[in-house]
Amino acid sequence: MGKHHVSATVNGDPVEFLCETRQTLLDVLRDELNLTGSKEGCGSGDCGACSVMVDNRLVCACLVLGVEAEGRNIETIEGVAQGEKLHPLQKTFLEDAALQCGVCTPGVIVAAKALLERNPDPTETEARYWLAGNLCRCTGYDKIIKAVMNAAEEMRGA
Amino acid sequence: MGKEEQQLKALDKGKYRYIGTRPVRPDGVDKVTGRANFGADLKLADMIHGSVVRSPHAHARIKSINVDKATALPGVKAVVTGADFPMLSPSDRIPGVAPLSFYDLSRNVIARDKVLYDGHAVAAVAATTVAIAAQAAELIEVDYELLPHVMKALDAMKPDAPLLHEDMFTAGVEPKPTTPSNVSKRVAFTLGDVDTGFAAADVVVEHEFNTETVHQGYIEPHACVATITEDGMASIWCSSQGQFMVRAYTARVCGMEVAKIKVVPSEIGGGFGGKTTIYLEPLAVELARRAGRPVKMVMTRDEVFRATGPTSGGHAHCKIGAKKDGTITAASLQLEYEAGAFDGSPVALGCMTGFAPYDLENVSIVGYDVVVNRPKSAAYRAPGAPVAAFAVESTLDVLARKLGMDPIALRENNAAKEGTQAAYGPKFKRIGFEETLTAAKNHPHWSAPLGPDQGRGIASGFWFNIGGNSSASVMINEDGTVIVATGNPDIGGSRASMALMAAEVLGVDIAKIKPQVADTESVPYSDLTGGSRVTFATGKAVIEAAQDAVRDMKERAAKIWEVDVDQVEWRDGKAVAIETDKHQPLSVADIAGMAGKTGGPISGKANINASGAGPGFGTHICDVEVDKETGRVTVIRYTAIQDVGTAIHPSYVEGQLQGGAVQGIGWAINEEYIYDADGRLENSGFLDYRVPVASDVPMIDTVLVEVPNPGHPYGVRGVGEVPIIPPLAAVANAIADATGLRMTDLPISPPRLLAAIDAAK
Amino acid sequence: MAKVVLQTELANSFTDGVTQLEVEADNVRQLIAALDRQYPGMGERLRTRTAVAIDGEIFQEPYLEAIEANSEVYFLPKIEGG
């Protein structure tokens, strides 16, 4: 079985990779491109730990095939900070202690960033429903939601 | 501020400079940028991939295993079965590590003559790719002779139940049984005389309760990479709650010396007790040995549910009698917990914790540890306590209603305090249970109005908290910055609390302190991260190690000044000469810069077995709204109150309360293992095993009551386990308040509650 | 003499159900040795499978902890945690 040649943009950079048909975008990111920030918690799209953006659409990378990345623009947690500058969400997650073990955090931040790009002033309920696809077993969500609301406020003010 | 509130402010905040502040955690940036390396993130050159063959049967004898087809598949490098591991003896236990049977652990890691649950590992294979390994696993042919299975404790206790272990005889009963049984032990705790106590009661209430198996539900599946050299030196990188635990357990299962295994802890993506044991590591080591290459193994979510961790479901019978004034005269509790395929459910801990919040004269508690054809239970946050508390705190709620008493007042009437003899035996030292009740009563939540179909419940909980073996090194760098190394994985922000305690002793800004989770060859032995022991016990080691470093730095200052060391004091991070103003104070950086001239590098160390752990108590208030047409319960407001001793980093203490409460809410209304008639798990994924999601829960309000633990220099009590104990009953009591229905079986899922609502019509 | 309290399970196995005993000992090791002399086999059980609470403080690996003349000593199951 031959491998497919795929060209895509990942975090702003052009990338080329070879992948088998069966490999998911998550497999490709982690195993072929060494971007291990996206995590596999379930492999079935239930936990959101592999949340990434594909052409500005929030998806679970475990539910997308690597070959489907052809010509697409992929954004992962590794592209959220700009150089030395953390994204406001990354700052509020730290300040508000919105993570405990941290394994869900990359996916939560990618998903929350997508929310704030669409809705800069979400209500708590909107934030909760938007993030309902991102499981966190440690925090009970309280501090995550607060961090998202605080980042939204900061970004509106900026 | 009222007098009672002032009492709650038992801690003088002003006396600490760093403790009680909320700095950004030292490992935080790595974790918000995706840089942090978890169990599945490591890759080594020449690495191959392992896959496990698991039993599809709940109970079967393994007649034969044929690996020929798998071995012949191109790309397959090694296959192992139970025959490749040493057979351990039933008496094989390591004193001091854990009260754990390595005979059972070894047979759980890989089955020998029998498989005992759906998901039990039977063989493992390593191949050049994940896909080839999975394909090879399917080519391994196992010939099974199916045996009858048993899934529930009460069924397994029947005399004609299928037997899991022919060599299991119930311990703790006299005369010693002569026929084997699925009951591994009976435990009992007695105070006074319950018959007399119940006879003296004006009101007696009793209920039976049933709960299902639930899983810790950590988001990161178990994962490891192992290598081993031709001369038998192994290295394991893995996610666990204890690198020394992984080393000790793997050594025993593989028949190796501990010095030949190095374990490097990765970041851990949640554990909650479920990563206090091993599953993959011995398989990876033995595959790596045979293949001569590093082997990576990562569980799928299906494997995590089928083969790891869950905590016991079971049955409980609780009976409480009281006088009209609310004084409890007698209480009894019987628990039957499902241990899974091997003995060792947390039933004894359930027995010890259930009535612990109360000052009772007459108590009878009996527990049975029962094996069933489910995965071997592992610790889950306050193991054993939530189910016992569900029974006790629900029964107390019924009692309060019968007596026409406020449920907080009933608890206050009977609350344990300093000097109270706990139902499991010893007398309490200074504890803060009453303070949590006072805080609950005074909280605006308790008196807030409720809408239609809404109800409010309250429940309390107790956990021992433990100490144990911990080591710490405090290394003073040449520029005055500091490394704090310990042997405990940071599961929820403990690096931050280690750094804060070191900062407090050294008087050095926390930004100059770098806490480090060290591998098994860089720091002496430490017990695993669990039992709410790390901030307490490892914190104590860090404090003592920092004090040791301060002692050394004072000696260096004395040498520099050519004065006697008792002429040197440590003040605000500086050595100060007393009784003279001749010498300028010396900072850590000043002293570190002179280290070579004054005797060499500076560090402090402490290796301790910490005692003095302070028990923790919590009281939770829960509001629910019940949709009477669907049976769906929504938690609309929640307040978790807990005596936390001293909150070292209050944000992460609040986080423990919030996370524990939401796990408990999931246990109460959503989560359960569902098996089909053949004993196969039907919901081994997050879609069907539904842990709470963000839109299921409200903000979790917290009240940190601080009654310092006299057994810790800064008053620390463990905080991680208590918060999962009260929610089960708090939710059930709120549902009873909203509907008038006493739900005694968990989870209180929509179909179950709807059936009860319909039946009551 | 320290007051020693056994769990029912242990008492059933060794002391005909007697759960409260008076024992002369300066530390846990001596206490267990004394109990083992009186009830052969009990020492092994206490040494390997139990924690001890001395005047309310729990020790998971008891050995040399001091016992006062009027101490209350409880033998308990070892406590694990999540």
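No experiment lies behind these values; they were computed from the predicted model shown.

Rules of the game
- Residues numbered from 1 in each chain as written.
- Chains lettered and ligands numbered in written order.
- Predicted model: local features only at pLDDT ≥ 70, side-chain atom pairs only at ≥ 80, totals over all residues.
- Helix = DSSP H or I, 4+ residues; strand = E, 2+ residues; numbered from the N terminus.
- Rg over C-alpha atoms; globule rule 2.2 N^0.38 Å.
- Buried ≥ 20, exposed ≤ 12 C-beta atoms within 10 Å, placed from the backbone.
- Contact = placed C-beta atoms within 7 Å.
- pLDDT = per-residue confidence, 0-100.
- Expected span 1.5 Å × (residues − 1).
- Nonpolar A, V, L, I, M, F, W, Y, C, P; charged D, E, K, R; others polar.
- Pairing = 2+ DSSP bridges.
- Axes fitted to C-alpha atoms, helices over the stretch in contact; angles between N-to-C directions.
- Core = buried A, V, L, I, M, F, W, Y, C linked by C-beta atoms within 7 Å.

Caption draft 1: Examining the overall build of chain C more closely. If you tally the helices and strands in chain C, you get 3 helices and 5 strands. Listing the helices and strands of chain C from first to last along the sequence gives β-α-β-α-α-β-β-β. Against the 2.2 N^0.38 benchmark of 12 Å for 82 residues, chain C shows a C-alpha radius of gyration of 12 Å, consistent with a compact globule. Projected onto the principal axes, the alpha-carbon positions of chain C cover approximately 35 × 25 × 15 Å. The buried share of chain C, taken over its 82 residues, is 40%. Once local pairs closer than 6 in sequence are excluded, the contacts in chain C between residues at least 24 apart make up 47%.

Caption draft 2: Focus on the confidence of the model for chain C. Residue and element names in this part refer to chain C. Predicted confidence across chain C gives a mean pLDDT of 89, with 100% of residues reaching 70 or more. For chain C, helix H1 (residues 8-14) is the element with the lowest average pLDDT, namely 82, and helix H2 (residues 28-38) is the one with the highest, namely 95. Across the interface, the model reports ipTM at 0.98; the global pTM reads 0.96.

Caption draft 3: Molecular detail of helix H20 (residues 727-739) of chain B. All names here are of chain B. The first and last C-alpha atoms of H20 sit 18 Å apart over 13 residues, in line with the 18 Å expected at 1.5 Å per residue. The element H20 is largely enclosed, with a buried count of 13 among its 13 residues. Positive backbone phi, approximately 75°, marks Gly740, located one or two places after H20.

Caption draft 4: Up close: the interface of chain A and chain B. Residue-level contacts link 42 residues of chain A with 42 residues of chain B. Elements that contribute at least two residues to the side of chain A that touches chain B include exactly helix H2 (88-95), helix H3 (105-118), helix H4 (124-130) and helix H5 (142-157) of chain A. It is H2 of chain A that provides the largest number of residues to the side of chain A that touches chain B, a total of 4 residues. Taken together, the residues of the side of chain A that touches chain B break down into 21 nonpolar, 11 polar and 10 charged.

Caption draft 5: The arrangement of H5 of chain A in detail. In a regular helix each residue adds 1.5 Å, so 16 residues correspond to 22 Å; H5 of chain A covers 23 Å between its end C-alpha atoms and thus fits that length. Among the residues of H5 of chain A, Asp142, Lys143, Ile144, Ile145, Ala147, Val148, Ala151 and Ala152 of chain A are the ones counted as buried.

Caption draft 6: Molecular detail of the pairing of strand S17 (residues 468-476) of chain B. Residues and elements named next belong to chain B. Where burial is concerned, most of S17 is hidden: 8 out of the 9 residues are buried. In this sheet, strand S23 (residues 602-610) lies alongside S17 in antiparallel orientation, the contact comprising 9 bridges. In the strand pairing of S23, Ile476 is matched with Ile602. Relative to strand S18 (residues 482-486), S17 runs antiparallel, the two sharing 5 bridges. Across the sheet, Ile476 pairs through a bridge with Val482, a residue of S18. Hairpin geometry of S17 and S18 is characterised by an intervening segment of 5 residues between the two adjacent antiparallel strands and by a positive phi of about 90° at Gly480.

Caption draft 7: Looking closely at the sheet that holds strand S14 (residues 328-340) of chain B. All names here are of chain B. Taken in spatial order, the 5 strands of this open sheet run S7-S15-S14-S13-S8, and their pairing is mixed. Edge positions in the open sheet fall to strand S7 (183-191) and strand S8 (203-211), since each of these has one partner strand only. Here the average twist between neighbouring strands, direction ignored, is 10°. Pairing of S7 with strand S15 (residues 363-371), which is carried by 8 bridges, proceeds in the antiparallel orientation. Residue pairing for S15: Thr190 is matched across the bridge by Ser364. Against the sheet, helix H11 (residues 347-354) makes contact with S7, S14 and S15, and its axis sits at roughly 160° relative to S15, the strand it touches most. Against the sheet, helix H12 (residues 385-403) makes contact with S8, strand S13 (314-322) and S14, and its axis sits at roughly 145° relative to S8, the strand it touches most.

Caption draft 8: Spotlight on the interface of chain C and chain B. Taken residue by residue, the interface counts 24 residues in chain C and 39 residues in chain B. If you list the elements that add at least two residues to the side of chain C that touches chain B, you get H1, helix H3 (42-49), strand S4 (57-59) and strand S5 (72-77) of chain C.

Caption draft 9: The nonpolar core, seen in detail. Val125, Leu333, Ala502, Val731 and Ile735 of chain B are the most contacted members of the largest nonpolar core, which totals 330 residues. Residue contacts for Ala502 of chain B: discarding those within four places in its chain leaves Val474, Val482, Val484, Ile513, Val542 and Ala546 of chain B.

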